[in-house]
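# Structural overview
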Amino acid sequence: MKKEILLTAFIPLLFLAACTGTTDQGQAAETTPETTAQVEFKDFGPEPFVFDIEEYTTRNETYRTAIWTGKYMQMTVMSIPAGGDIGLEMHPDIDQFLRVEAGTGIMMMGDTEDNLDFEARVEHDFAIFIPAGKWHNLVNDSDEPLKVYSIYAPGEHPHGTVHQTQAEGIAAHEAAHGH
C-alpha cells in the first residue's frame, strides 16, 4: 500500500519534471515567444514581421524610429518628452494613424497652420486619424513621455530612419523637403 501511495505521488512529479525539464546548462527546455522576445530597434521592412507593438512603443526612447517600412506603408515609434510636441506639420499626400500607448496629450488639426480648429484630448489606447492635407500637432501635456506609434500610408521617412530628438527630425524633414 505504501508503494502505491509513493508511486501515485512520484509519477505526477516525474511528469511535471519532464514537462518543465532543464537542459544541461540549467535553462528551461521549452521557451515561449513571450519569454524569448527581444526588442530590437531597427527597420524590419519590407520583410514580414510580427511583434508586440505596445512593447516596442513603450520601450522606445527616441523621438522617432522606423520599425517597418514597406512599399506603401511605414510604422514608426515615437517618444515625446513631457511638455514637448510632435511639431506642427502637414503631409499633402499621406494619411496618418497615431495610437497613444502611454501618457496624455492634446491633438490639434486644421486646414491651415494658423487655424487648428479641431482639438481633442488623447490618452492611453486612443487612436488618431489624420487625413492627408491636414495641419496637425500632438502636444504632450503630462509629466511623463508621451509614447505613440505612427503609421504612414504611403511612407514618410527613409527606410531605417532614427531621429534621437525632435530637432533631428525637423532637420531631416527640411533637408528632404526643402523647407
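Whatever comes next refers back to the structure up there.
The present account deals with the structure reproduced in this document.

## Regarding the packing of aromatic side chains
Counted under the stated rule, the structure contains seven aromatic pairs. With a centroid separation of 4.0 Å and 10° between ring planes, the pair formed by F44 and F49 is classed as stacked. Among the residues examined, F44 registers a relative accessible area of 18% and is labelled buried. Residue F49 is classed as partly exposed on the basis of its relative accessible area of 25%. The rings of F41, F44, F49, F51 and Y56 are connected pair by pair, giving a single aromatic cluster.

## Points about the nonpolar core
Formed by 14 residues in total, the largest nonpolar core has its most connected members in I86, L98, M107, I128 and L138. Those elements that provide at least two residues to this core are β2 (74-80), β3 (95-102), β4 (104-110), β6 (127-130) and β8 (146-153).

## Overview of the side chain of S79
For S79, the location among the structural elements is in strand β2. Among the polar contacts made by the side chain of S79, one reaches the side chain of K147 at a distance of 3.4 Å. Filtering out sequence-adjacent residues up to four positions away, S79 remains in contact with N60, E61, T62, Y63, P145, L146 and K147.

## Considering the sheet that holds strand β9 (residues 162-163)
Across the sheet, which stays open at both edges, the six strands sit in the order β6-β3-β8-β2-β1-β9 with antiparallel pairing between neighbours. Of all strands in the sheet, those bounded by a partner on one side alone are β6 and β9. Two elements, β2 and β8, share seven bridges in a ladder whose sense is antiparallel. Within β8, the residue paired with V77 across the bridge is Y149.

## Overview of helix α4 (residues 166-177)
Think of an α-helix as turning once every 3.6 residues; residues three or four places apart then point the same way. Taking 1.5 Å per residue as the helical rise, α4 with its twelve residues ought to reach 16 Å, and the 16 Å between its terminal C-alpha atoms agrees with that figure. After α4 finishes, the residue G178 shows a positive phi value of roughly 70°.

## Looking at the side chain of D43
The topology assignment puts D43 in the loop between α2 (33-36) and α3 (53-59). Comment: no salt bridge for buried D43; closest opposite-charge side chain is K42, at 9.0 Å. Looking at D43, its side chain comes within polar contact range of the side chain of T69, at 2.6 Å. Engagement of the side chain of D43 in a polar contact is seen with the backbone nitrogen of G160, the distance being 2.8 Å. Setting aside its immediate chain neighbours within four residues, D43 contacts A66, I67, W68, T69, H159 and G160.

Rules behind the numbers
- Residues numbered from 1 in each chain as written.
- Predicted model: local features only at pLDDT ≥ 70, side-chain atom pairs only at ≥ 80, totals over all residues.
- Heavy atoms only, no water.
- Phe/Tyr/Trp six-rings, centres within 6.5 Å; stacked < 30°, edge-to-face > 60°.
- Buried < 20%, exposed > 50% of the residue type's maximum accessible area, 1.4 Å probe, protein only.
- Core = buried A, V, L, I, M, F, W, Y, C linked by side-chain atoms within 4.5 Å.
- Helix = DSSP H or I, 4+ residues; strand = E, 2+ residues; numbered from the N terminus.
- Polar contact = N/O pair within 3.5 Å; in protein donor to acceptor, adjacent residues only side chain to side chain.
- Contact = heavy atoms within 4.5 Å.
- Pairing = 2+ DSSP bridges.
- Expected span 1.5 Å × (residues − 1).
- Lys, Arg positive; Asp, Glu negative; His and termini not counted.
- Salt bridge = Lys/Arg side-chain N within 4 Å of Asp/Glu carboxyl O.

Honestly, that's just the spatial picture; any functional story needs more than this.
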